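Each chain, letter by letter, is given below.
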Amino acid sequence: MLKRLIVVLAFLPFFAAGTAGPVAPVRGAGGAVGPSCMLKGKKLYGKFQIVNAFPDLKVQIVDAFPDLKVQVVDAFPDKCGKWKMVNAFPDVKIQMVTAFPDLKIKYVNAFPGLP
């Protein structure tokens, strides 16, 4: 009887730790963009340049469940999700990747911003 009690008490901390309080949600790449439209200290609107090395952000293009809807514009990239692509003097340098992105985007023709 004493051995059973010791075995039960040995496993009790493992079970009690999981129910001790609310568990914070785990965040991956998804949902990383806050209401300020910033990620890793970089604003997600303005002038963007695509690079192959040393990016500020790694970006993956998706069709479903994006973190940000992006509209490529020629002028006035002044709102969340409006990007102007440039070859020099960007606000943010991005690298296109197929796995492990910092940000998942979907290109749109209207209504850019947070989904």
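Located above this text is the structure these notes cover.
Reading the values: rules and limits
Residues numbered from 1 in each chain as written. Predicted model: local features only at pLDDT ≥ 70, side-chain atom pairs only at ≥ 80, totals over all residues. Heavy atoms only, no water. Helix = DSSP H or I, 4+ residues; strand = E, 2+ residues; numbered from the N terminus. Buried < 20%, exposed > 50% of the residue type's maximum accessible area, 1.4 Å probe, protein only. Contact = heavy atoms within 4.5 Å. Areas by Shrake-Rupley, 256 points an atom, 1.4 Å probe, with all protein chains shown as cover. Salt bridge = Lys/Arg side-chain N within 4 Å of Asp/Glu carboxyl O. Disulfide = S-S within 2.5 Å. Phe/Tyr/Trp six-rings, centres within 6.5 Å; stacked < 30°, edge-to-face > 60°. Pairing = 2+ DSSP bridges. Axes fitted to C-alpha atoms, helices over the stretch in contact; angles between N-to-C directions. Patch = residues over 30% accessible without salt bridge, like charges linked within 9 Å, V, L, I, M, F, W, Y side chains within 5 Å.

Peer 1: Please explain the overall build of the chain as it appears in this structure.
Peer 2: Within the chain one finds one helix and eight strands. In sequence order, the secondary structure elements of the chain are arranged as α-β-β-β-β-β-β-β-β. Taking all 115 residues of the chain together, the buried fraction comes to 30%. Here the contacts in the chain between residues at least 6 apart in sequence split such that 80% fall between residues at least 24 apart. Accessible surface computed for the chain: about 8200 Å², of which carbon and sulfur atoms make up 63%.

Peer 1: Whenever I open this one, the pattern of salt bridges confuses me. Can you help?
Peer 2: Tallied over the full model, the rule gives one salt bridge. Close ionic contact of Lys-40 with Asp-102 constitutes a salt bridge, the shortest N to O distance being 3.2 Å. Taken together, the positions of Lys-40 in the loop between strand S1 (38–39) and strand S2 (42–43) and Asp-102 in the loop between strand S7 (92–96) and strand S8 (103–107) put the pair 62 residues apart, joining distant regions of the chain.

Peer 1: How should I be thinking about the state of the cysteines in this particular structure?
Peer 2: With the rule as written, the count across this model stands at one disulfide. In this model Cys-37 forms its disulfide with Cys-80; the gap between the sulfur atoms is 2.0 Å. Looking along the S-S bond of the Cys-37-Cys-80 disulfide, the torsion reads about 80 degrees, which is the right-handed sense. Taken together, the residues Cys-37 in the loop between helix H1 (2–18) and S1 and Cys-80 in the loop between strand S5 (68–72) and strand S6 (82–85) connect sequence positions 43 residues apart.

Peer 1: Can you walk me through the side chain of Gln-71 in this structure?
Peer 2: If you trace the backbone, Gln-71 turns up in strand S5. The residues contacting Gln-71, other than those within four sequence positions of it, are Gly-81, Lys-82, Trp-83, Val-108, Asn-109, Ala-110 and Pro-112.

Peer 1: How should I be thinking about the packing of aromatic side chains in this particular structure?
Peer 2: The geometry of an aromatic ring pair is captured by the separation of the ring centres together with the interplanar angle, meaning the angle of the planes. All told, the structure shown has one aromatic pair when counted by the stated rule. Ring plane angle 15 degrees and centroid distance 3.9 Å describe the contact between Phe-48 and Trp-83, whose orientation is recorded as stacked. Highlighted residues: Phe-48 in strand S3 (residues 46–50) and Trp-83 in strand S6, separated in sequence by 35 residues. A single burial state applies to Phe-48 and to Trp-83, both of which are buried.

Peer 1: Whenever I open this one, the sheet that holds strand S4 (residues 57–61) confuses me. Can you help?
Peer 2: Strand-to-strand pairing in sheets goes through backbone hydrogen bonds, with the strands running parallel or antiparallel. The strand order S3-S6-S5-S8-S4-S7 describes a closed barrel built from six strands, whose pairing is parallel. The average undirected angle you get between the axes of adjacent strands in this sheet is 45 degrees. Sheet topology places S4 next to S8; three bridges connect them, and they run parallel. Looking across to S8, one finds that Gln-60 is bridged to Lys-104.

Peer 1: Teacher, can you tell me more about a nonpolar patch on the surface here?
Peer 2: Residues Ile-50, Ile-61, Val-72, Met-85 and Tyr-107 make up a contiguous nonpolar surface patch of roughly 420 Å² in combined accessible area. Relative to the helices and strands, Ile-50 is located in strand S3.

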